[in-house]
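An overview of the molecular structure
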Amino acid sequence: MTKKALVVWGGMELHTPERGAHVVRQLLEEEGFTVTVTPDYDALGAEDVGSNDLVVPVITDGALAPERMNNLIAAIRAGTGLAGYHMGLATTFRASVPFRYAASVYWVQHPGNIMTYRVDVTRSDHPIMAGIESFEHTSEQYYLNYDPAVDVLATTTFSGEHHPWRKDVVMPVVFTTTHDKGRVFYSSLGHTADELEIPQIRTILKRGLVWAAR
């Protein structure tokens, strides 16, 4: 059967969420998914959200009413996949503790703002990272609070140039995990939709989306 995905976009225009949502749509359609793209946050908490095999919030901040959040979390726990990049998951629905638990990640800082840093592939044996070598990237280097249960596939190391007290901290860039029966994928790469055209970033995102889907 054809898999279904729901992509919901919104929030800070700096992150070009609408364009990014349509990149996600394109990647999934290339893999045979039927994709719905909408700016309606409530779609993530609809009673039938669990009919989707994958949900992808391309959202900075925002909020869902508690009963709608309960629907979303129940769907993920029952097997609907959850995936996001950059602001998606890490900054989405910041005030929701249940969502924070499912997302397994929370953005807190990007010292130095736009800068060049290295992405180190740590799990070349994982299908999401197969054939991808470590690379340099110019963008925001995300400093995250994250769940220790995640399976880290790529990392970055902070130089301490901008925040010396965080020198040599090794931070996940790409990870997978689960929330009950739902698979969760996150990549901190993709500050704007333009960055999703970079071959390594595009490949990681596409593979991660497919991996997370039920």
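Residues numbered from 1 in each chain as written. Predicted model: local features only at pLDDT ≥ 70, side-chain atom pairs only at ≥ 80, totals over all residues. Heavy atoms only, no water.

Under the present numbering, the feature "domain: ThuA-like" (unreviewed entry) in UniProt falls on residues 4–212. Taken end to end, residues 4–212 comprises 25% helix and 33% strand; its first and last C-alpha atoms sit 12 Å apart. (UniProt positions renumbered as here; feature names shortened; annotations may be inferred. Helix = DSSP H or I, 4+ residues; strand = E, 2+ residues; numbered from the N terminus.)

What follows covers the side chain of H126. With respect to the helices and strands, H126 occurs in the loop between strand 6 (114–121) and strand 7 (135–140). Taking relative accessible area as the criterion, H126 reaches 7% and is therefore assigned buried. Leave out the neighbours within four places in its chain, and H126 touches D151, L153, T176 and W211. (Buried < 20%, exposed > 50% of the residue type's maximum accessible area, 1.4 Å probe, protein only. Contact = heavy atoms within 4.5 Å.)

For helix 5 (residues 199–212), with 14 residues, the first-to-last C-alpha span of 20 Å sits near the 20 Å given by 1.5 Å per residue. Buried within helix 5 are the following residues: I201, R202, I204, L205, G208, L209, W211 and A212. Where the residues of helix 5 are buried, they touch helix 1 (17–30), strand 3 (54–59), strand 4 (81–85), strand 7, strand 10 (170–179) and strand 11 (182–187). (Expected span 1.5 Å × (residues − 1).)

Residue placement: L54 occurs in strand 3. The spatial distance from the C-alpha of L54 to the C-alpha of A83 is 7.4 Å, given a sequence separation of 29 residues. Not counting the four nearest positions on each side in its chain, L54 is found in contact with K4, A5, L6, L28, T80, G81, L82, A83, L209, A212 and A213.

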